[in-house]
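Structural overview
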Amino acid sequence: MKFGLLDMLGLAASLAFALPVGNYGLMRLLAGETALGTAMVVVAVAMVVLPQFFFDPARIARGLLAGLLPARFRSDADEAEPGSDPVEK
């Protein structure tokens, strides 16, 4: 996977918040609190993995803008089949 500058900054910001949560989870695991420690480690991993691999900001922005633009300004790829829109019926 190739990261650009903004991707690296986003990863650094995610890690800045996820590392203390993961550290707390690890400390709870070592203290014998298995459920809380495991939950915190899972949350810390999710804080890093979800934004990097599942939430593509460009795709989300395109979908938002496509929904806000009137139909005449959308590209052909964004338009649905004629008659499939429940508003037109």
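Up top you'll find the structure we're talking about.
The following paragraphs examine the structure supplied in this document.

Cut-off values and rules
Residues numbered from 1 in each chain as written. Predicted model: local features only at pLDDT ≥ 70, side-chain atom pairs only at ≥ 80, totals over all residues. Heavy atoms only, no water. Helix = DSSP H or I, 4+ residues; strand = E, 2+ residues; numbered from the N terminus. Expected span 1.5 Å × (residues − 1). Bend = angle between axes of the 7 residues up to and from the residue. Buried < 20%, exposed > 50% of the residue type's maximum accessible area, 1.4 Å probe, protein only. Contact = heavy atoms within 4.5 Å.

Moving on: helix H1 (residues 5–30). The end-to-end C-alpha distance of H1 is 36 Å, a good match for the 38 Å that 26 residues give at a rise of 1.5 Å each. The sharpest bend along H1 measures roughly 30° and falls at Ala18, with the proline Pro20 sitting one to four residues further on. Every buried residue belonging to H1 is among Leu11, Ser14, Ala18, Gly22 and Gly25, and all of these are buried. Buried positions along H1 lie against helix H2 (34–54). The positive-phi residue at the C-terminal boundary of H1 is Gly32, with phi of around 100°.

Structurally, Ser14 is set in helix H1. With a relative accessible area of 12%, Ser14 lands in the buried category. Every residue in contact with Ser14, bar those within four places of it in the chain, is listed here: Met47, Val48 and Pro51.

By themselves these figures say nothing about function.
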